[in-house]
Amino acid sequence: MATRLGTWDVALTNPDTKAVTIVKAVYFFIYKLEDGAWKIYHVHSSMMPEPTK
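Residues numbered from 1 in each chain as written. Predicted model: local features only at pLDDT ≥ 70, side-chain atom pairs only at ≥ 80, totals over all residues. Heavy atoms only, no water.

### Let's talk about the sheet that holds strand S3 (residues 37-47)
Paired through their backbone hydrogen bonds, the strands of a sheet run either parallel or antiparallel. Strand order across the open sheet formed by three strands is S1-S2-S3, with antiparallel pairing between neighbours. Among the strands making up the open sheet, the edge pair consists of strand S1 (2-13) and S3. Strand-to-strand twist in this sheet, taken as the mean axis angle between neighbours without regard to direction, amounts to 30°. (Pairing = 2+ DSSP bridges. Helix = DSSP H or I, 4+ residues; strand = E, 2+ residues; numbered from the N terminus. Axes fitted to C-alpha atoms, helices over the stretch in contact; angles between N-to-C directions.)

### What to know about the pattern of salt bridges
Across all of its chains, the model carries one salt bridge by this definition. Here Asp-9 and Lys-24 are joined by a salt bridge, their closest N and O atoms 2.9 Å apart. With a gap of 15 residues between them, Asp-9 in strand S1 and Lys-24 in strand S2 (residues 20-34) connect regions that are remote in the sequence. Of the residues examined, Lys-24 reaches a relative accessible area of 53% and is grouped as exposed. (Salt bridge = Lys/Arg side-chain N within 4 Å of Asp/Glu carboxyl O. Buried < 20%, exposed > 50% of the residue type's maximum accessible area, 1.4 Å probe, protein only.)

Interpretation note: all reported values are geometric properties and have no functional meaning in isolation.
The structure is reproduced here in structure tokens:
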């Protein structure tokens, strides 16, 4: 197995107004080697947490 994690920008589009909002998000992928090829086994992404005050 192998993992990859990081941050990325995600563009969210409001279907009614077509307004686009860019949000920062974290992600991680878990890969599994199957039959000699790396396959995505699991992926998760969520918005960055709000900073504490």
